[in-house]
Amino acid sequence: SCTPAVLRASAAAEAAGVPSSSLVCDGFLGQGATTAVGLGLPNLPMAKVPGHVDTQTDNELRDNLTSVTVNAVIENLTAAQPAAVMIPEPGPQDVVMEGSFDEINRFFYENGWSDGLPIVPPTRAKIESFLAFTDLPTEHVIGKLLPDNREATVWNVAVNGVMAGCKPQYMPVLVALAEAMADPGYGVEHSGNTPGAETLITINGPIIKDLEFNYEQGALRDGFMANTTVGRWWRLYLRNVAGFILHQNDKGTFGNTWRVVLAENEDALAKIDWPPHSADFGHARGDNVVTISRFTGGDVIASVFGQKPEDMLPYLADALISQSGWQLIFTVGMADGSYTPMLVLSPILAETMAKAGWSKGDVRQWLFENARIPAWKFEQYIVEFTNFYSGGRSMFELAQLGKANELYGVSKDPDRLVPLVCDPMDIQIVISGDPGRTNAQVFSHNGILGFPTARAIRLPNDWKNKLTGAQ
């Protein structure tokens, strides 16, 4: 949804002394109200647009606007707004409840602080055990998170880590994830968009084995504490600190549940001398790194057959194409390089390619050159199937205007093949999963709504001794 962006623009106008009125469809009024609270302006003026504009005839839309919306806009711009009333929150270290396990869980659930599963009560002692695994001060501010503009701190990272069922030694990973979430380039404010995309966390480095992350069979399934609880922490932190709550700021039409952490198989990478996923973001082999990226979904690529790359890659390219359609409509309609899908290869697939002398770069380049669709199909996605961005212009016209990558403007031929991405490096490749199976997984990325973002994991002094003591 675009409601948070509209409200932020309205807040800027109001702060400058310019009256505003944000037009908001019926289904997003609740999101608008909670976004306004996060902006510190709970009385931010909104004008309701009845129904959904995409499903109304011109006459229906005109009638709704003239009978409802226009009157609200006039009132918002001319009448004095009621005084703002902000409900105070508990202090960061306040004790909010004392009671039994069931009583605590009921209280947290009723206050919207849990994901519906039982949480581990965040007692002060448990929180302190997490704080022992970071050298950062308890009050250290990592950044502010939209839409609620609440501060991400070392303290509330630990609180939510306890609640998610993490072990204290996971704390360095959680802090790095909070830093990535707070990075403006990631765009956490889009986490509640209507397509319901969900973040996938990947992890690299020796810390995978230190903390016993699963990186082999069942790599994307729950069942291993590190993968599962750190993944759950992400969603709890989005809820409790950023402020994404269903029926309020989280407007995913259907939504995905949180994903377990995907740990890369660095033994397999070393065997074939391929760089880790984190190297795409400037980190060296051996660095402990987390990377986040938001995906709308994906699918398994079962039984990738072939004894050489030329046999296997057409299947993988077809999978990338088949999973890339809606994304072109919604956020990549301008073909501007914001689409970064992920391909997860089982180790045996990567080893087969490497044995033939192919590097990860070679695989990327082949997919870039061959995972293509006709220009007319791309234009169908961005012109015929949607009302976003293109203004009815062809790919060639968009490129000539500088609104699409020059790759899309080399010809007017509607049957020319155009790439899904603008650069081979836009295709993320991760090695993980069952070493004995010839399967892969493709994730379709939600364009500008969740750019891949990496952060180094900072270990505390005396990490190895602390880790031994914790185990």
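My aim in this report is to walk through the structure given alongside it, one point at a time. (Residues numbered from 1 in each chain as written. Predicted model: local features only at pLDDT ≥ 70, side-chain atom pairs only at ≥ 80, totals over all residues. Heavy atoms only, no water.)

**Digging into the overall build of the protein chain**
And step 1. Looking only at helices and strands, one finds 17 helices and 13 strands in the protein chain.
And step 2. Long-range contacts, defined here as pairs at least 24 residues apart, represent 79% of the contacts in the protein chain between residues at least 6 apart.
And step 3. Of the accessible surface of the protein chain, which amounts to about 20900 Å², a share of 54% is contributed by carbon and sulfur atoms. (Helix = DSSP H or I, 4+ residues; strand = E, 2+ residues; numbered from the N terminus. Contact = heavy atoms within 4.5 Å. Areas by Shrake-Rupley, 256 points an atom, 1.4 Å probe, with all protein chains shown as cover.)

**Quick word on helix H14 (residues 360-370)**
In an α-helix, one turn spans 3.6 residues, which is why side chains three or four residues apart end up on the same side.
And step 1. Buried within H14 are the following residues: Lys360, Val363, Arg364, Trp366, Leu367 and Phe368.
And step 2. Put simply, serine 359 is the residue that caps the front of H14, since its side-chain oxygen is 3.3 Å from the backbone nitrogen of glycine 361. (Buried < 20%, exposed > 50% of the residue type's maximum accessible area, 1.4 Å probe, protein only. Polar contact = N/O pair within 3.5 Å; in protein donor to acceptor, adjacent residues only side chain to side chain.)

**Details of unusual backbone geometry**
And step 1. At the junction of leucine 146 and proline 147, the peptide bond is cis and its omega measures out at 10 degrees in the coordinates.
And step 2. Considering the arrangement of structural elements, one finds proline 147 in the loop between strand S3 (141-145) and strand S4 (150-153).

**What to know about the packing of aromatic side chains**
And step 1. Per the counting criterion, the structure on display carries nine aromatic pairs.
And step 2. Centroid distance phenylalanine 133 to tryptophan 463: 6.2 Å. Interplanar angle 85 degrees. Geometry classified as edge-to-face. You can see phenylalanine 133 sitting in the loop between helix H5 (124-131) and S3 and its partner tryptophan 463 sitting in helix H17 (residues 463-470), a full 330 residues away along the chain. A single burial state applies to phenylalanine 133 and to tryptophan 463, both of which are buried.
And step 3. Put simply, the rings of Tyr186, Trp233, Trp234 and Tyr237 pair up and form one aromatic cluster.
And step 4. For the cation-ring pair, arginine 372 lies above phenylalanine 368, with the distance from its terminal atom to the ring centre recorded as 5.0 Å. (Phe/Tyr/Trp six-rings, centres within 6.5 Å; stacked < 30°, edge-to-face > 60°. Lys NZ or Arg CZ within 6 Å of the ring centre and 35° of its normal.)

**Things to note about the pattern of salt bridges**
And step 1. Across all of its chains, the model carries 13 salt bridges by this definition.
And step 2. Arginine 455 is the partner of aspartate 183 in a salt bridge, and the nearest nitrogen-oxygen pair spans 2.8 Å. Remark: arginine 455 occurs in strand S13 (residues 453-456) and aspartate 183 occurs in the loop between helix H7 (171-182) and strand S5 (198-204); sequence separation between them is 272 residues.
And step 3. Overall, aspartate 183 belongs to the buried group, its relative accessible area being 18%.
And step 4. For arginine 455, a relative accessible area of 25% corresponds to the partly exposed category.
And step 5. The partner of lysine 271 in a salt bridge is glutamate 351, and the shortest N-O contact between them spans 3.8 Å. (Salt bridge = Lys/Arg side-chain N within 4 Å of Asp/Glu carboxyl O.)

**A word on the pairing of strand S12 (residues 440-445)**
And step 1. Burial analysis of S12 places six of its six residues in the buried class, which makes it a mostly covered element.
And step 2. What you see with S12 is no split at all: Ala440, Val442 and Ser444 on one side and Gln441, Phe443 and His445 on the other are buried throughout.
And step 3. Of the pairings in the sheet, the one linking strand S7 (residues 289-301) to S12 comprises six bridges and is antiparallel in character. Across the sheet, the residue bridging to isoleucine 301 is alanine 440, located in S12.
And step 4. When strand S8 (residues 342-345) meets S12, the two strands line up antiparallel, connected through four bridges. Note on S12: the bridge partner recorded for valine 344 is glutamine 441. (Pairing = 2+ DSSP bridges.)

**A few points about the packing of helix H6 (residues 154-164) against helix H9 (residues 225-242)**
And step 1. Between H6 and H9, the shortest axis-to-axis distance is 9 Å and the interhelical angle comes to 125 degrees. Put simply, H6 runs oblique to H9. The way H6 lies across H9 gives a crossing that is right-handed. From H6, Asn156, Val157, Asn160, Gly161, Met163 and Ala164 reach across to H9, where they touch Thr229, Arg232, Trp233, Leu236, Tyr237, Asn240 and Val241.
And step 2. Among the residues forming the contact of H6 with H9, the class breakdown is seven nonpolar, five polar and one charged. (Axes fitted to C-alpha atoms, helices over the stretch in contact; angles between N-to-C directions. Parallel < 35°, antiparallel > 145°, perpendicular 65-115°, else oblique. Left-handed = near helix turned anticlockwise from the far one by under 90°. Nonpolar A, V, L, I, M, F, W, Y, C, P; charged D, E, K, R; others polar.)

**Some details on the pairing of strand S2 (residues 46-49)**
And step 1. Side chains Ala47 and Val49 project from S2 onto a buried face, and the interleaved Met46 and Lys48 project onto a face without burial.
And step 2. As defined by bridge partners, strand S1 (residues 22-25) adjoins S2 across four bridges and the pair is classed as parallel. Paired with leucine 23 across the strands is alanine 47, a residue of S2.

**Comments concerning the packing of helix H11 (residues 309-322) against helix H13 (residues 347-355)**
And step 1. The interhelical angle for the contact between H11 and H13, taken along N-to-C directions, is 135 degrees, at an axis separation of 10 Å. One way to sum up the angle between H11 and H13 is to call them oblique. In the packing of H11 onto H13, the handedness of the crossing is left-handed. Taking contact as the criterion, the partners of Pro309, Met312, Leu313 and Leu316 in H11 are, on H13, Leu349, Thr352 and Met353.
And step 2. Considering only residue class, the contact of H11 with H13 consists of six nonpolar, one polar and no charged.

**Side note on the side chain of serine 293**
And step 1. Looking at the secondary structure, you find serine 293 in strand S7.
And step 2. In this view, serine 293 contacts Tyr186, Glu198, Thr199, Leu200, Gln428, His445, Gly450 and Pro452; residues no more than four positions away in its chain are not counted.

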